[in-house]
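Listed here are the chains, written in short residue letters.
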Amino acid sequence: MRSIIGIELHIQVNRVGSKLFCSCPTNYYSAEANRNTCPVCLGLPGSLPVVNYSVIEKATRLALALSSRISGSLIFVRKHYFYPDLPKNYQISQYDRAGMVPFASGGYLDIGFGGSSKRIRIRRINIEEDPAKISYPEGDPLKSPYSLIDYNRSGMPLLEIVTEADMESSKEVRAFLEKILTLVDYLDICDPDLEGAFRVDANISIEGGERVEVKNIGSLRDVEKAINYELTRQRNIIRAGGSVKRETRHWDSARGVTVTSRAKEYEEDYRYFPDPDLPPIEITKEFIDNVSSNMPELPWVRAERFIESYGLSRYEANVLTSRRWLADYFENALKYYGNPSKLADLLINDFLGIVNEHGGSPRVVKGSPDKVGKLLSFLDRGVISIKILKQILPDVVLRDLDPEEIIRSRGLDVISDRSVIEKLVDEVFRENPKAVEDAKKNPKAINFLIGKVMAKTRGKAHPAIVREVVARKLRE
Amino acid sequence: MRIEHIGVAEYIENARNDPEWVSEYYSVLFERIGKVEPEINSYITLADPEKAVKNAVESAKRKTTLAGLPVAVKDNISTKGMKTTCGSRILSNYVPPYDATAVRSIKEHGGVILGKTNLDEFAMGSTTETSFYGPTRNPWDLDRVPGGSSGGSAAAVAARIAPVSLGSDTGGSVRNPASFTGTVGFKPTYGVISRYGLIAYASSLDQIGIIGLSVEDIALLLDIVSGEDPRDSTSIAYPSAKSFYSSIKDGDRYLGDFKAVLVSEMWRGVDPDVNTVLKAVIGKLESNGLEVTEISIPEIEYALPTYYIIAMAEASSNLARYSGMLFGISKDPSGVDWVKYYSRIRGIGFGREVKRRIILGSYILSEGFFDQYYLKALKIRRLLKQRLVKVYGDHGFIISPTTPITAPRLGENIDDPLKLYALDVETVVANLVGGPSISVPAGFAGGLPVGLQITGPPLSDLDMLALAYRIEEIIGSGKTHAPPLG
Ligand SMILES: [Zn+2]
């Protein structure tokens, strides 16, 4: 039973200065509830929207990156529905109907999947405003005696990306989403790691069956879970001889299930019409050319460059280019440390681990790339051991401490003085006569003695020298 | 002091010469308001007299442009800290936290907001009878309506309890009451005055207008409130190096420099007495050099239904926001879901005419009817605009009655929507094409004022005001006659 999936993705344009139609800042995450508002985003009587042109520029970047056809005229429309999170009880959006036109249509994104590449077609891209945020004191709306509305988010710019139903598994959807999120990060449209940066609605069906829309999916992990849940649910219905009902369901993240949304008992008529407060904006070829000539390097182009210029594996290149700040960090560190492969290894396996442990945001990274580069060259020069490096890396990354300073003040530099090591080996031999005899017969037992020497130096002795000295003394 | 004949120009001249005169003027004005206002009901909210005088005197001392000029403002134009009700129960407690751009301009130039004037609820009406705050009465005959929807703004100026006022004109709402009250009412080209802060009825038709006693007064205030506004994407900068005021005062222009045209469709169904008064005036203008021709524009018959389709569609959308959530009246929401809550607030908050237009507008925009009504209306609107631009090029300004009748009695039209809507038959053309239109007092029929309307294509404002000024020189301005009040 083949599954057919298309998605509607809403990306919040949080990398512009102000909201879509007013001058309230987009950086509201730390603001007190309902403080980041004005007459326009509260929909006060008499207030009027004025378009923030930087959003149009960002939308144009996205359309160009996805090879979408940009409409010559940008027409905002009103989409009407009564809901408490919508201050005007209509949302300013875009639509495809006589007298209206989407921002851009067509286009595609190729996703690498299972060693081959697959093309996911884009149906359209639209610009619209975000509603306010509703929260429930008890979490669950049904259990809460009241709900709270925070209008700080109201009027935030959103880009809506609608795909054709070209995906066949939750893994493909995830791969598509990851690639789009990386893309909007590169295009300086959205910081995908901010709370509420994106939301997904998925249209899911089993070949031959009715389509179910699953709404309200807010994270990559939930996308996979929700789609898998819904596919299983539909397959079970079909296996039992039933047929899937065409409906809208909501993803309940807490319970991990999709539930029928009872709110929609009738087909909603949104009464779309062009917003008379916003005259159509002509999108000229000059404008598009100008945006096009100022496009940042696209993530997949950068990944290829990392493979070719730095000899990285595809995996390494993909991970390092998954966020622009990370790729920038890598290239900046390379200016101070010349071995791309060792640097990539450290960033992917250790550095990212530290960042992710602290929430995954680049804002936790305080240490500059040159310091990480310096650490690696100390390792290469034998000044510190890999163990020491890993031990002090968090202080360098999170607290911006200077590696040289840490090593000096904590006495962490590697002991590579042979006379010191020989003395220590003699001590260990004296203290462990039985182990020495064992090691003479069984070469594998040598590791015990090396470990004892390392323990005496709290890991600071140069392991290669220790091994060499212990081996020589055993032969003597 | 007699203030009946003091318009904007005279006020400013006196106030700038002698700030003490300002306090005398204000005390006479408030005394007159105390006497006349209870009979007319032109204001919903009045400014505090002491504060108003203090502001005005200070402003005159500082020699600001308006020198403390009191301006009455229609109660659908937002005033910071002053209740703005739209004549509706739903906004009966709403105090805007910001000023409309036009109001801000008046304040910045030293004007004083005298009060907020009565109107048909949400400007939906042509008689000022649908207001939640009771009808306004016509100063010329208290049994009659003052027209609408800016009835309060027109009645206050006619009754000389405001020298000038702001109104709003969506389908004639400034010109219709000006015609019924013997005042001058001007609706500029769409966009010339910012709509920011004007509470929307039908956004693509709404335009703030000015009501005064003379064309000169209107031009003076227009210079203050016009201009491109970064808060209104539909606002425009009027392309002229000269101010409106200095341009009408240009002594080099004579009536003979203008052309005018009578469109036969706009003279059909006009009350015979109104017709007689206006034809006599037109004859007088012709004998003073105005070139007048006559043509037929059959499409103009579609203007009224086209107007109502667009206006109702936009109104149903604009009025969606009134749900008792963020502003306006509210109720204890416990025990009901939000759908019930919204219905309850809208049920008690809106009057019948507003509900009628919301329901009809929602129908027009709904799936299946949108193409049939709304898109078709937009098509006719485009055709009318093209036609009017061509007519203007060939024949000049369109001259017509402002309203087909004089002011009806209270209650005469209110219960029959079709009769009510027909009052707008002459005025809606200007809103549909987005051009300027002015109503000037042209005499009396049966003791009631009759208005002459001039209509032109977008951006013909300067010429239109110049023509109206020349006409006024010949037939007299609104200052010539004052209603027998007080
Ligand atoms: Zn805002």
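> Is there a simple way to explain the overall build of chain B in this structure?
The helix and strand tally for chain B stands at 16 helices and 11 strands. Expressed along its principal axes, the backbone C-alpha trace of chain B runs to roughly 70 × 55 × 45 Å. Within chain B, the proportion of its 486 residues that are buried is 64%. Pairs at least 24 apart in sequence give 76% of the contacts found in chain B among residues at least 6 apart. Seen as two clouds, the 50 positive and the 55 negative side-chain charges of chain B have centres 5 Å apart.

> Explanation requested: the overall build of chain A in the structure shown.
Looking only at helices and strands, chain A features 15 helices and 17 strands. The globule rule puts the C-alpha radius of gyration for 476 residues at 23 Å, and the 29 Å found for chain A is more than 25% above it. Counting every position in chain A, which comprises 476 residues, the buried fraction comes to 53%. The long-range fraction of contacts in chain A, counting pairs at least 24 apart against all pairs at least 6 apart in sequence, stands at 69%. Carbon together with sulfur atoms contributes 49% to the accessible area of chain A, which is approximately 21,900 Å² in total. If you average the places of the 70 positive and of the 67 negative side-chain charges in chain A, the two averages end up 5 Å apart.

> Honestly, the layout of surface pockets in this entry has me stumped. Any pointers?
The method is simple in principle: a probe with the dimensions of a water molecule rolls over the atoms, and the space it marks as empty is what remains. Residues and elements named next belong to chain A. Here the second largest pocket defines a volume of roughly 1,100 Å³. What lines the second largest pocket is a set of 31 residues, and nearest its centre among them are Glu178, Thr182, Asn318, Val319 and Ser322. Those elements giving two or more residues to the lining of the second largest pocket turn out to be strand 7 (108-113), helix 2 (170-186), helix 5 (299-310), helix 6 (314-320), helix 7 (324-334) and helix 8 (340-357). With five residues, helix 2 is the largest single contributor of residues to the lining of the second largest pocket. Each of domain 1 (3-290) and domain 2 (297-410) accounts for three or more of the residues forming the lining of the second largest pocket.

> In this structure, what is going on with the domain arrangement of chain A? I would like to understand it.
Assigned domains of chain A: these are domain 1 (3-290), domain 2 (297-410) and domain 3 (418-475). Here the C-alpha centroids of domain 2 of chain A and domain 3 of chain A sit 33 Å apart.

> Looking at this structure, how should I read the environment of Lys79 of chain A?
Residue and element names in this part refer to chain A. The residue Lys79 is located in strand 4 (residues 77-80) in this model. Given the relative accessible area of 19%, Lys79 is considered buried. As for Lys79 and Asp269, which are separated by 190 residues in sequence, their C-alpha atoms are 9.1 Å apart. Residues in contact with Lys79, not counting those within four places in the same chain, are Tyr90, Gln91, Tyr270 and Tyr272.

> Which parts of the structure should I look at to understand the coordination of the zinc ion?
Ideal geometry at a metal centre: 109.5 degrees between donors when four sit tetrahedrally, and 90 or 180 degrees when six sit octahedrally. Residue and element names in this part refer to chain A. Protein ligation of the zinc ion involves Cys22 (SG), Cys24 (SG), Cys38 (SG) and Cys41 (SG), the donor distances falling in the range 2.3 to 2.4 Å. Around the zinc ion sit four donor atoms; with metal-centred angles ranging over 103 to 114°, the donor geometry is tetrahedral. Counting gaps between the donor residues of the zinc ion yields the pattern C-x1-C-x13-C-x2-C. When its relative accessible area of 6% is taken as the criterion, Cys41 is described as buried.

What counts, and at which threshold
Residues numbered from 1 in each chain as written. Chains lettered and ligands numbered in written order. Predicted model: local features only at pLDDT ≥ 70, side-chain atom pairs only at ≥ 80, totals over all residues. Heavy atoms only, no water. Helix = DSSP H or I, 4+ residues; strand = E, 2+ residues; numbered from the N terminus. Buried < 20%, exposed > 50% of the residue type's maximum accessible area, 1.4 Å probe, protein only. Contact = heavy atoms within 4.5 Å. Lys, Arg positive; Asp, Glu negative; His and termini not counted. Charge placed at Lys NZ, Arg CZ, Asp CG, Glu CD. Rg over C-alpha atoms; globule rule 2.2 N^0.38 Å. Areas by Shrake-Rupley, 256 points an atom, 1.4 Å probe, with all protein chains shown as cover. 1 Å grid on protein atoms, 1.4 Å probe; cavity = no way out; pocket = protein on both sides within 12 Å on 5 of 7 lines; lining within 4 Å. Points joined across faces, edges and corners; volume = space filled by probe spheres on them. Domains from an automatic or database assignment. Donors = N, O, S within 2.8 Å, 3.2 Å for Na, K, Ca; no water. Tetrahedral: all angles 85-135°; square planar, octahedral: opposite > 155°, others 65-115°.

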